[in-house]
Amino acid sequence: MKILIAFFVLFASNIFANDLSTYKALGEEVGLTKVVDDLMVNLLKDERTKRFFEKADQKRIKEKLVEQFCMELGGPCKYTGQSMSRSHKGQDIKHSHFFALVELLQQAMDKHKIPSTAQNKLLAKLAPMHKDIINK
Amino acid sequence: MKFMKFVLAASLVSFNVQAFESSDKLLLTGGVNQLEGSAGGGLTPWALIGGYGTQEQIGANAFYTNVAISDYNLVSTGALVGIHDRVELSYAHQSFDTKDVGTALGLGYGFKLKQSIFGIKVKLIGDAVLDQDSWLPQIAFGIQYKKHEQGKIVRSVGAKDDKSFDFYLAGTKIFLAQSILANVTLRATEANQLGILGYGGDRINHHQLMIEGSVAYLLTRKIAVGVEYRTKPNNLNVASEDAWFDAFVAWAPMKNVSATLAYAYLGNIVLNQDQSSLYTSIQLGF
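A brief look at the structure comes next. Since the model is a prediction, treat every value here as computed from it, not as a measurement. Residue positions within a chain follow its written sequence, with the count starting from 1. Chain letters start at A and ligand numbers start at 1, both assigned in the order the entries are written. For a predicted model such as this one, the threshold for reporting local features is a pLDDT of at least 70, and the threshold for listing and counting side-chain atom pairs is 80 or more; totals across whole chains, interfaces and linings nevertheless cover every residue. In computing side-chain properties, one takes all heavy atoms of the structure into account and sets aside hydrogens as well as water.

Concerning the overall build of chain B
As a reminder, the rule being used: Elements are defined by DSSP. Helices are runs of H or I of four residues or more, strands are runs of E of two residues or more, and each kind is numbered from the N terminus. Note on method: radius of gyration uses C-alpha positions; expected globular size equals 2.2 Å times residues raised to 0.38. Relative accessibility decides the category of a residue: with a 1.4 Å probe and only protein chains considered, values under 20% of the type maximum give buried, values over 50% give exposed, and everything between is partly exposed. The contact criterion used is simple: two residues touch if any of their non-hydrogen atoms lie within 4.5 Å. Accessible surface area values rest on a Shrake-Rupley calculation with a 1.4 Å probe, where residue burial reflects the displayed protein chains alone. Charged-residue counts in this description rest on Lys and Arg as positive and Asp and Glu as negative, His and the chain ends being excluded. Charge placement uses NZ in Lys and CZ in Arg. For Asp and Glu, CG and CD serve respectively.
When helices and strands are counted, chain B shows 3 helices and 14 strands. Relative to the 2.2 N^0.38 estimate, which gives 19 Å for 286 residues, the radius of gyration of chain B is 18 Å and therefore close to what a compact globule would have. Seen through its principal axes, chain B has C-alpha atoms that stretch 55 × 40 × 30 Å. Within chain B, buried positions represent 59% of all 286 residues. A separation threshold of at least 6 residues defines the contact pool for chain B, and within that pool the share at least 24 residues apart is 60%. As presented, chain B carries roughly 10,800 Å² of accessible surface, and 65% of it is formed by carbon and sulfur atoms. Taking the average place of the 23 positive charges on the side chains of chain B and the average place of its 24 negative ones, the gap between the two points comes to 4 Å.

Some points on helix H5 (residues 58–72) of chain A
All names here are of chain A. Inclusion rule: How far a helix is expected to stretch is found by multiplying one less than its residue total by 1.5 Å.
When the terminal C-alpha atoms of H5 are compared, their 21 Å separation across 15 residues agrees well with the 21 Å that a helix rising 1.5 Å per residue should span. Of the residues making up H5, those classed as buried are Lys64, Leu65, Val66, Glu67, Gln68, Phe69 and Cys70. Where H5 is buried, its residues touch helix H2 (21–25), helix H3 (28–45), helix H6 (84–88), helix H7 (95–111) and helix H8 (116–126). Positioned one or two residues after H5, Gly74 has a phi angle of 85 degrees, which is positive.

Focus on the side chain of Asn272 of chain B
Residue and element names in this part refer to chain B. Just so we agree on the cut-off: Under the rule applied, a polar contact is a pair of N or O atoms within 3.5 Å (in protein, one hydrogen donor and one hydrogen acceptor; residues adjacent in sequence only if both atoms are side-chain atoms).
Assignment of secondary structure puts Asn272 in strand S14 (residues 272–285). On the basis of relative accessible area, Asn272 is assigned to the buried category, the value being 18%. Polar contacts involving the side chain of Asn272 include one to the side chain of Asp71, which spans 2.6 Å. Non-local contacts of Asn272, meaning those with residues more than four positions away in its chain, are made with Asp71, Tyr72, Val101 and Gly267.

What about the nonpolar core?
Put simply, the rule is: We call a set of buried residues a nonpolar core when its members are Ala, Val, Leu, Ile, Met, Phe, Trp, Tyr or Cys and they connect through side-chain atoms within 4.5 Å of each other.
Counting 76 residues, the largest nonpolar core has Phe69, Leu105 and Met109 of chain A together with Leu35, Ile69 and Phe96 of chain B as the members making the most contacts within it. Of the residues forming this core, the biggest block, 7 residues, is contributed by H7 of chain A. When residues no more than four places from it in sequence are discounted, the contact partners of Leu105 of chain A are Val35, Leu39, Phe69, Leu123 and Leu126 of chain A.

Observations regarding H3 of chain A
Taking 1.5 Å per residue as the helical rise, H3 of chain A with its 18 residues ought to reach 26 Å, and the 26 Å between its terminal C-alpha atoms agrees with that figure. On its buried side, H3 of chain A packs onto H2, helix H4 (50–53), H5 and H7 of chain A.

Looking at the packing of aromatic side chains
Residue and element names in this part refer to chain B. Heads up, the condition is: Only Phe, Tyr and Trp rings are paired, with Trp represented by its six-membered ring, and only when their centres lie within 6.5 Å; those with planes under 30 degrees apart are stacked, over 60 edge-to-face, the remainder tilted.
Evaluation of the coordinates by the stated rule reveals 7 aromatic pairs over all chains. Taking 5.1 Å as the distance between ring centres and 50 degrees as the angle between the ring planes, the aromatic pair formed by Tyr91 and Phe118 counts as tilted. With Tyr91 in strand S5 (residues 87–97) and Phe118 in strand S6 (residues 112–125), the pair connects residues that are 27 residues apart, well separated along the chain. For Tyr91, a relative accessible area of 11% puts it in the buried group. The class for Phe118 is buried, based on a relative accessible area of 13%.

Observations concerning the pattern of salt bridges
Residue and element names in this part refer to chain B. Filter applied, for reference: Throughout this description, the term salt bridge denotes a Lys or Arg side-chain nitrogen within 4 Å of a carboxyl oxygen of Asp or Glu.
Under the defined criterion, the tally for this structure stands at 26 salt bridges over all chains. Of the charged contacts, one joins Asp85 and Lys25 as a salt bridge, the two residues approaching to 3.0 Å between their closest N and O atoms. Here Lys25 lies in the loop between helix H1 (2–19) and strand S1 (32–33) and Asp85 lies in the loop between strand S4 (73–83) and S5, a separation of 60 residues in the sequence. Here Asp85 and Lys25 have matching classes, each one buried. For the salt bridge of Glu36 with Arg230, the shortest nitrogen-to-oxygen distance reads 2.9 Å. Of this pair, Glu36 sits in the loop between S1 and strand S2 (39–40) while Arg230 sits in strand S11 (residues 223–230), and the two are 194 residues apart along the sequence. Arg230 matches Glu36 in its accessibility class, with the two residues each being buried. Each of Glu36, Lys146, Asp166, Arg187, Glu212 and Arg230 takes part in salt bridges that share partners, so that together they form one network.

See the structure below:
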């Protein structure tokens, strides 16, 4: 019971703490840029994700991803790219591709020593986008 | 039964050749193999479908678990197949070494009680990992068919049957922003000590609803620590039975290997009180 209460307090403190701690833990815009640069390197190397990015405008995608991650974490940015459903439409993205990207993003964040708690907070913001990305 | 084992083993091998080019679920999101073979924590089945196969893939794993108990030892071995992140088929074989108690019961030192468990689990709704914008957990329904190998012996201690079904409903949610996994499982069962002492008893001889819970903290994407609790029936006059509790650490250094280490408190087992145990498990995936 004590454990349950402790976890509840942990939940509550997380939900109501609408601060910039995750944005800062990821190194703000500079840190996000490094993570996204490495993510793109990983995406182009991985057989599962390569074909979605090798012919795309990689520089633009990276810029938009940094904007998006920054905005999702409450940072001082505005996402100026297309809607998620528009940018992924017709690409035949499966669950396996989506999870592959998450894994490569985790590896990029690991490389930059981003704490696991901050990593998971960013992933929690991105995960619901699966509805606009997978099988569209 | 032998034939079913063979079919399962054969299908594992053929899946291995055809479908395991890659399995892309995230680390630990297929759970580990619980004692009865289903994907879950150590004690409790979760709603997660085992293996690393996504909706387009088939995943599988095999496991070996040893529970070194104060006065006994339990070995559970088996395998599971996760099909399209929707259906899970599992098999486990448990061998319970009675050690000195075997002598006391007139079975002989180290007599082993054995059962087989065939499991099926179907994901009904929700996605524990992806649906981070909803409080709805992933919910799955499962059945474990349990068959004891020594019906005569378990009847002699008061059990009424040498085979039985467990039915369960599990709800599992990963609260990613908090790095927490929570699970609640409701199980209808008449199994005595998981079924190691048979099914039904001279005290109570029908299915009862039991509750099982797990909470885990995801330290990193490769390591989870947590606690589990599982209530159990108390069907036999001769041997009272207690709820089980464990504290575990699960480690997945890579997709095809994971290891679980736990301390489990098992209470009274047959003649011996206050049984505690060291739970070690290794899982190999394809």
